[in-house]
Amino acid sequence: MTEVIWTNRSINDVVISALYIAKESISAADKFIDKIFSSERIFLGEVNFEGRKHFSKNRADLDYRYYIEGNYKIIYYRKMEKVFIVTVFDTRQDPDKLNL
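Let me sum up the structure you'll find in this document. (Residues numbered from 1 in each chain as written. Predicted model: local features only at pLDDT ≥ 70, side-chain atom pairs only at ≥ 80, totals over all residues. Heavy atoms only, no water.)

## Here we look at the pattern of salt bridges
- Under the definition given, this model contains three salt bridges.
- Between K35 and E69 there is a salt bridge, with its nearest N and O atoms 3.7 Å apart. A residue pair is termed long-range when its members are at least 10 positions apart, and K35 in helix α2 (residues 26-38) and E69 in strand β3 (residues 65-69) qualify at 34 residues.
- With relative accessibility at 13%, the residue E69 sits in the buried group. (Salt bridge = Lys/Arg side-chain N within 4 Å of Asp/Glu carboxyl O. Helix = DSSP H or I, 4+ residues; strand = E, 2+ residues; numbered from the N terminus. Buried < 20%, exposed > 50% of the residue type's maximum accessible area, 1.4 Å probe, protein only.)

In structure tokens:
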């Protein structure tokens, strides 16, 4: 059975984005959080899915993949029966800020 592990960085990314969205609308922030965390079903094997490859200049040893949810890129890698969610990146930002 696959286990999904959200790293501290990925959780922090979601919180920061939700706080920003909440400045305009708390209900939109709630929907954002629900949408991001409900994407976990993809990684649990409910859907036959292998994300696109994300190339990292710093960690060539990891096979980073990504899944797009709205304006957000959810970057992860698989190791054995675990999926590690590394970051949730707002694609409207400068891609150089990603730093993986």
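## Digging into the environment of F37
- You can see F37 is positioned in helix α2.
- The spatial distance from the C-alpha of F37 to the C-alpha of V14 is 9.1 Å, given a sequence separation of 23 residues.
- Dropping the residues within four chain positions of it, F37 is found in contact with W6 and V14. (Contact = heavy atoms within 4.5 Å.)

## So, helix α1 (residues 8-22)
- For α1, built from 15 residues, the straight-helix expectation of 21 Å at 1.5 Å per residue is met to within 8% by its first-to-last C-alpha distance of 21 Å.
- Here α1 has its buried residues at S10, D13, V14, S17 and A18. Taken around the axis of α1, the buried residues stretch over an arc of 125°, which confines them to a single face. Opposite the buried face of α1, at more than 90 degrees from it, the exposed residues are N8, L19 and Y20.
- Summarising the contacts, the buried residues of α1 are in contact with β1 (3-6), α2, β4 (72-79) and β5 (82-90). (Expected span 1.5 Å × (residues − 1). Arc of directions from axis to C-beta.)

## Here's the deal with the packing of aromatic side chains
- Under the criterion given, the structure shown has four aromatic pairs.
- Between Y77 and F84, the ring centres sit 5.0 Å apart and the planes meet at 15°, which makes this aromatic pair stacked. Across this residue pair, the class does not change: Y77 and F84 are buried.
- What links up through ring pairs into an aromatic cluster is the set Y64, Y77 and F84.
- The ring of Y66 has K73 lying over it, and the distance from NZ or CZ to the ring centre is 4.3 Å. (Phe/Tyr/Trp six-rings, centres within 6.5 Å; stacked < 30°, edge-to-face > 60°. Lys NZ or Arg CZ within 6 Å of the ring centre and 35° of its normal.)

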